[in-house]
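Notes for the structure review
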Amino acid sequence: MKLDIDWERLVTELDALGAISQEAPPVVTRVVFTEADVRGREFVKKLCREAGLIIREDAVGNTFARWAGQNPEFEPVGTGSHIDAIPNAGRFDGTVGVLGGLEAIRALAHAGYRPRRSIELIIFTSEEPTRFGIGCLGSRLLSGLLDPAAASQYKDRDGVTLDAARSAAGFDGALSSVRLPPGYYSAFVEMHIEQGAILEQRDVPLGVVTAIAAPASLKITIEGEGGHAGAVLLPDRHDAFLAAAEIALAVEASARSSGSRDTVGTVGVCDVFPGAVNSIPSRVRMEVDVRDVDEARRDSVLRKIEQVCEDVTRRRGVQARVELVNADPPGRCAPRVVDTLAKSCETHGLRFERMISRAYHDSLFMSRIAPTAMLFIPCRGGVSHRPDEYASPESIAQGTLVLAETLASLAEQ
Ligand code: GLV
Ligand code: MN
Ligand code: MN
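Residues numbered from 1 in each chain as written. Chains lettered and ligands numbered in written order. Predicted model: local features only at pLDDT ≥ 70, side-chain atom pairs only at ≥ 80, totals over all residues. Heavy atoms only, no water.

What follows concerns the domain arrangement of the protein. One frequent convention defines the size of an interface as the accessible area lost when the parts assemble. Splitting the protein by domain gives domain 1 (7–213 + 330–412) and domain 2 (214–327). Contact residues are listed per partner, giving 13 residues for domain 1 and 15 residues for domain 2. Taken together, both faces of the contact between domain 1 and domain 2 bury some 1,100 Å²; the carbon and sulfur share is 52%. Across the domain 1-domain 2 interface, the total number found is two salt bridges. Across the contact surface, domain 1 and domain 2 share one residue pair in polar contact (both at pLDDT 80 or more). Of the residues assigned to the side of domain 1 that touches domain 2, the class counts are nine nonpolar, one polar and three charged. (Domains from an automatic or database assignment. Contact = heavy atoms within 4.5 Å. Buried area = accessible area lost by both parts, 1.4 Å probe. Salt bridge = Lys/Arg side-chain N within 4 Å of Asp/Glu carboxyl O. Polar contact = N/O pair within 3.5 Å; in protein donor to acceptor, adjacent residues only side chain to side chain. Nonpolar A, V, L, I, M, F, W, Y, C, P; charged D, E, K, R; others polar.)

So, in structure tokens, the structure goes:
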């Protein structure tokens, strides 16, 4: 089959989606269920409809755009990613897998191909944890790995519940209805930018992902004692931020002491209350992200951080509440899908590297309910989660070509 990827159209669409943002370009911020997220969804859905795909949305806003196969009763092949973006992000994280997935389907249709199995493009809701503090919200619910009753009560920083936020964005119905029946997909494949620099450094055009590192996150709330920054002397203070600062340094030290470069720890959120220069911080809310390819090693870092919280709070006379938001096992990709991706690279004469994803993706949860693998394309300097994130049209076109070939193979298996 001769496949023509219309990379100019695809790059134009990526740019147009990138311009739908809560901030001025080149900054992309598209937090779930904000007006920008809803507009981004409308933009993608319109393109899907124009391509003849049939759209269904579930109660949390996961969106499925189906290209009906010759045997609609067979389990479909899934592909897709997310379009929500963290604050101060770039244009390619997630969107390449969504719009690239759409372009792959268009290229297959244009070539006159008709799949045996249906092919379904998925736009997952809230892969990013920005608003509700937990990543992969949509795919966790789809895979049945998140309790819908607990999820509906998640609150954002303004106290808005997930139920209220999704309803305001037009998504109603019970969250328990989101879970897919077992065996729903015959296979799932996600294309994504690498978000690291291995492919670029080794000058390899594509990565085939064999496993996804295990993510975990904590919410830590520290309550100290506020007061006047001039009048209260240092020995009399119970400064919540100073306790937080010690804990933050301990996150780094605990990750560093694991004995492996694969262990990483980050404090990406630190809200100080009341946030006035002349007021002693009385409360701090931190969010901590810890990951490793080795789950046991990751868990031992979590335990160290919890121990440090106890020690620091006792010494400083403050209180800390540590909440484990998630501690997920690593994802293993399915050899059949990995091999299909590898074969598709070979078919098109494109070199590839088998690799581990250090970032998490919706594929982490799809891998629990469907044979899953991922395709990585390089991004400049390995930069991601920044406005200067960049993937070249050539890489996007090569990835989309291999994705199209892979979807066609999987649809015949
Ligand atoms: C996904 O965005 C991640 O943080 O790995
Ligand atoms: Mn991301
Ligand atoms: Mn992503």
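So that's the structure; there's more coming.
Below, the discussion takes up empty space enclosed by the protein. In total, this model carries one cavity of 30 Å³ or more according to the counting rule given. In this model, the largest cavity occupies a volume close to 30 Å³. As for the largest cavity, its lining consists of Asp37, Arg41, Ile83, Asp84, Ile123, Phe124 and Ser126. If you list the elements that add at least two residues to the lining of the largest cavity, you get helix H2 (35–50) and strand S6 (119–124). Within the lining of the largest cavity, the residues separate by chemical class into three nonpolar, one polar and three charged. (1 Å grid on protein atoms, 1.4 Å probe; cavity = no way out; pocket = protein on both sides within 12 Å on 5 of 7 lines; lining within 4 Å. Points joined across faces, edges and corners; volume = space filled by probe spheres on them. Helix = DSSP H or I, 4+ residues; strand = E, 2+ residues; numbered from the N terminus.)

Turning to the packing of aromatic side chains, a few remarks are in order. One pass over the full model with this rule turns up five aromatic pairs. For the ring pair Trp67 and Tyr113, a centre distance of 6.2 Å and an interplane angle of 70° mean the geometry is edge-to-face. Of the two residues, Trp67 sits in strand S3 (residues 63–67) while Tyr113 sits in the loop between helix H3 (95–110) and S6, which places them 46 residues apart along the sequence. There is no split in this pair, since Trp67 and Tyr113 are both buried. A ring pair is formed by Phe124 and Phe188, whose centres lie 5.7 Å apart and whose planes are at 75°; its orientation type is edge-to-face. With Phe124 in strand S6 and Phe188 in strand S7 (residues 187–193), this pair connects stretches of sequence that are 64 residues apart. Across this residue pair, the class does not change: Phe124 and Phe188 are buried. If you follow Arg56 out to its NZ or CZ, it ends over the ring of Phe64, 4.0 Å from the centre. A cation sits over an aromatic face here: Arg283 above Phe273, 4.2 Å from the ring centre. (Phe/Tyr/Trp six-rings, centres within 6.5 Å; stacked < 30°, edge-to-face > 60°. Buried < 20%, exposed > 50% of the residue type's maximum accessible area, 1.4 Å probe, protein only. Lys NZ or Arg CZ within 6 Å of the ring centre and 35° of its normal.)

What follows is about the side chain of Thr29. Within the element layout of this structure, Thr29 appears in strand S1 (residues 28–30). For Thr29, a relative accessible area of 4% gives the class buried. From its side chain, Thr29 meets the backbone nitrogen of Asn88 in a polar contact 3.0 Å long.

One number sums up the size of the largest pocket: a volume of about 1,300 Å³. Contributing elements (two or more residues each) for the lining of the largest pocket: strand S5 (85–89), strand S9 (214–223), strand S11 (264–273), strand S13 (283–292), strand S16 (352–357) and helix H11 (362–366). Examining the composition of the lining of the largest pocket, we find that five residues originate from one element, S13, more than from any other. Residue composition of the lining of the largest pocket, grouped by class: 21 nonpolar, 16 polar and 13 charged. For the lining of the largest pocket, the domains that each give at least three residues are domain 1 (7–213 + 330–412) and domain 2 (214–327).

For the manganese ion (ligand 2), the full set of protein donor atoms is Asp93 (OD), Glu128 (OE) and His385 (NE2), at a range of 2.0 to 2.1 Å. Donor residues for the manganese ion (ligand 2) sit on one chain with the sequence pattern D-x34-E-x256-H. Taken as a pair, the manganese ion (ligand 2) and the manganese ion (ligand 3) lie 3.6 Å from each other and share Asp93 as a ligand. Of this pair, Asp93 sits in the loop between S5 and H3 while Glu128 sits in the loop between S6 and helix H4 (137–142), and the two are 35 residues apart along the sequence. Assigned by exposure class, Asp93 and Glu128 land together as buried. (Donors = N, O, S within 2.8 Å, 3.2 Å for Na, K, Ca; no water.)

What follows deals with the coordination of the manganese ion (ligand 3). Within the protein, the manganese ion (ligand 3) binds to His82 (NE2), Asp93 (OD) and His192 (NE2); these donor distances fall in the range 2.0 to 2.2 Å. Sequence spacing of the donor residues for the manganese ion (ligand 3), all on one chain, is H-x10-D-x98-H.

Our next topic: the site of ligand 1. For ligand 1, the full set of nearby residues is Glu127, Glu128, Arg291, Ala359, Tyr360 and His385. A distance of 3.0 Å is found between an oxygen atom of ligand 1 and a side-chain nitrogen or oxygen belonging to Glu128. Between ligand 1 and the protein, one listed contact pairs an oxygen atom with a side-chain N or O atom of His385 at 3.3 Å. Here ligand 1 has 190 Å² of accessible area as a free molecule, and 93% of this is covered by the chains. According to the grid-proximity analysis, the pocket containing ligand 1 is the largest pocket. (Near = heavy atom within 4 Å. Areas by Shrake-Rupley, 256 points an atom, 1.4 Å probe, with all protein chains shown as cover. Sits in = over half its atoms within 2 Å of the grid points.)

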